[in-house]
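# Structural overview
Residues per chain, in single letters:
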Amino acid sequence: MAMIKEETAEPLITQSWFRFKALLGKLRSDVVELGSKVKKLGQEDPRRVIHSFKVGLAIALVSQIYYFEPLYQGFGVAAMWAVLTVVVIFEFTVGATLGKGINRGIATFLGGALGVGAHRLAGFSGERFEPIVLGLSVFLVAAVVTFLRFFPKMKARYDYGLMIFILTFSLICVSGYQDDEVLDMAHRRLSTILIGSTVAVLVCISICPVWAGDDLNTLLVSNLEKLADFLDEKDDEYTGFGAQYFNSSGSGQPEDVQAYKSVLNSKNTEESLVNFAKWEPRHGQFKYRHPWEQYLKIGGLTRQCANIIEALNAYLSCSNNQTAHEIRAKIQEPCTKISSESSHALKELALAMKTMTRPSTANSYIVNAGVAAQDLKSLLKTGLWLPETGLLEVIPTTTVASLLLDVVTCSEKIAESVNELASLAYFKNAGRRLSKQETLRPSPPIQEHHYLSTTAE
């Protein structure tokens, strides 16, 4: 029996050892994978690493209130509001941090003042009716302010402040009922929140600031470049929509050309950046009262053009075998011209926004695209039918031609909006002509999830 037990124990020990080695191998691979993900995350946008250090520094600074006895005696347990304020309002961009800080400071002051007033007023009603008056006050204020949060303009800029106003007013009213030092409590909370907000804003601005206005401008420039890359060549790597559609090469498009798809989902990021940029002080070439709303107009037109390009891309991938080459050859020259000239126009507009100079040559490209569009319309009116072709073979080609005409119209609208922005923002006149390499140099990618800010206490 003893020998049988020994023989049974050996396989169990061997199996346990192999399982342990497999577990170690899996753990090692998970650690390596995590390290590669962390490295990739930092390399995509090094500002993330700097932002993390900035948040840590700000929290370390305000936490000194707890560590120094004289400061702690002055604020007491209310010092936690300073730490909590930094954690809540410190955002990736200066505009988002300033917006939350100002909202929180003003909302805390107004909510505390109104709460103290409601507490004093309830005191005149007698001990019996005081809780009833306080309860009605909390109900009315919370209901009215919550309803105000449904107004689009209020929600866009002051939603966080309105929420903090409700919270502060309710806390002062409720806790003040059992605490006679309600005024001192409101004063300490307001003071610690102001300290936390000030530290967060100063650290955010003074150490490698990230401006929402700069990122908004870069995002729109990048979106225009993505549309232009789809329509025309890019460093001789891509032959453009016109050449690829009419040559029917059948080769797939590079992934960077397909990058225009990200333009379709950029609306929320643009709106967030515009909202944050309105809070920012003057910096660089962005002056006070900068026409931020004009960026939303340009972004909407850019997405409209991206939708047209999405339809063109569908025909590029599925219409090669459905349309007679003879029919497409009839409209090849004007279509290729439209694609090329529109691409150059979009690149010039992107360059003008990147350098914040008035677009000088974009109008000439728009005019050339318009002339090609008139030629294409004339060809469509004369008819594309051949004796041996049917209606179903003509429809894809005419649809592509119609979409290219829409691209010209959309490019004209984008040019008008960029020119309007140049006038409103007082763009400088174009100076030295940039080289082709500088013109085509892509803008750095914008990580959109930075700006989808969450609201928390």
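About the cut-offs
Residues numbered from 1 in each chain as written. Predicted model: local features only at pLDDT ≥ 70, side-chain atom pairs only at ≥ 80, totals over all residues. Heavy atoms only, no water. UniProt positions renumbered as here; feature names shortened; annotations may be inferred. Helix = DSSP H or I, 4+ residues; strand = E, 2+ residues; numbered from the N terminus. Axes fitted to C-alpha atoms, helices over the stretch in contact; angles between N-to-C directions. Parallel < 35°, antiparallel > 145°, perpendicular 65-115°, else oblique. Left-handed = near helix turned anticlockwise from the far one by under 90°. Contact = heavy atoms within 4.5 Å. Nonpolar A, V, L, I, M, F, W, Y, C, P; charged D, E, K, R; others polar. Expected span 1.5 Å × (residues − 1). Buried < 20%, exposed > 50% of the residue type's maximum accessible area, 1.4 Å probe, protein only. Arc of directions from axis to C-beta. Core = buried A, V, L, I, M, F, W, Y, C linked by side-chain atoms within 4.5 Å. pLDDT = per-residue confidence, 0-100. Salt bridge = Lys/Arg side-chain N within 4 Å of Asp/Glu carboxyl O.

Residues annotated by UniProt as "transmembrane region" (unreviewed entry) correspond here to residues 49–68, 74–94, 132–151, 158–178 and 190–212. In this annotation, residues 49–68 is assigned 90% helix and 0% strand; the end-to-end C-alpha distance for the span is 29 Å. For residues 132–151, the end-to-end C-alpha separation is 30 Å, with 85% helix and 0% strand making up the annotated structure.

A few words now on the packing of helix H10 (residues 212–231) against helix H12 (residues 267–277). Orientation of H10 relative to H12, taken along the N-to-C sense of each, is 150°, at an axis distance of 8 Å. Here H12 runs roughly antiparallel to H10, going by the angle between their axes. Here the hand of the crossing between H10 and H12 comes out left-handed. Here H10 contributes Ala212, Gly213, Asp215, Leu216, Leu219, Leu220 and Asn223 to the contact with H12, which in turn contributes Thr269, Glu270, Leu273, Val274, Phe276 and Ala277. Its residues assigned to classes, the contact of H10 with H12 comprises 8 nonpolar, 3 polar and 2 charged.

Here the focus is helix H7 (residues 130–148). For H7, built from 19 residues, the straight-helix expectation of 27 Å at 1.5 Å per residue is met to within 8% by its first-to-last C-alpha distance of 27 Å. When we look at burial in H7, the residues that qualify are Glu130, Leu134, Ser137, Val141 and Val145. Taken down its axis, H7 places every buried residue within 60° of arc, on the same side. The exposed residues of H7 that point more than 90 degrees off its buried face are Leu136, Phe139, Leu140 and Phe147.

Where the residue is not glycine, phi is negative for most of them; where a peptide bond is considered, it is trans in most cases. Even without being glycine, Cys208 reaches a positive phi, approximately 40°. Among the secondary structure elements, Cys208 is positioned in the loop between helix H9 (182–206) and H10. Overall, Cys208 belongs to the partly exposed group, its relative accessible area being 46%.

Positionally, His283 belongs in the loop between H12 and helix H13 (292–318). The class of His283 is buried, set by a relative accessible area of 8%. If near-sequence neighbours (up to four positions away) are discounted, His283 is found in contact with Trp211 and Asp214.

With that out of the way, let us pick up the nonpolar core. Grouped together as the largest cluster of nonpolar side chains are 57 residues, with contacts concentrated most on Leu227, Tyr295, Ile338, Met353 and Ile414. Looking at this core, the elements with two or more residues in it are H10, H12, H13, helix H14 (325–355), helix H15 (362–382) and helix H16 (391–424). The residues contacting Ile338, other than those within four sequence positions of it, are Ala369, Ala372, Ala373, Leu376, Leu404, Leu405 and Val408. Judged by nonpolar contacts, the second largest core, of 32 residues, contains Val94, Val145, Cys204 and Trp279.

Our focus in this paragraph is the confidence of the model for the protein chain. Confidence in the prediction for the protein chain averages 80 pLDDT; 80% of positions are at 70 or higher. With pLDDT under 50 throughout, residues 432–441 is counted as low confidence; its partners more than four residues away or in other chains account for 11 contacts.

On to the pattern of salt bridges. Counted according to the given criterion, the structure contains 11 salt bridges. Between Arg303 and Glu270 there is a salt bridge whose closest N-O contact spans 2.6 Å. Of this pair, Arg303 sits in helix H13 while Glu270 is found in helix H12, placing the two residues 33 residues apart along the sequence. Comparing Arg303 with Glu270 shows no difference in burial state: the two are buried. The partner of Lys278 in a salt bridge is Glu293, with the nearest N and O atoms 2.3 Å apart. In this pair, Lys278 is assigned in the loop between H12 and H13 and Glu293 in helix H13, connecting sequence segments 15 residues apart. Classification of Glu293 as partly exposed rests on a relative accessible area of 45%. Taken together, the shared-partner salt bridges connect Arg149, Lys155 and Asp159 into one network.

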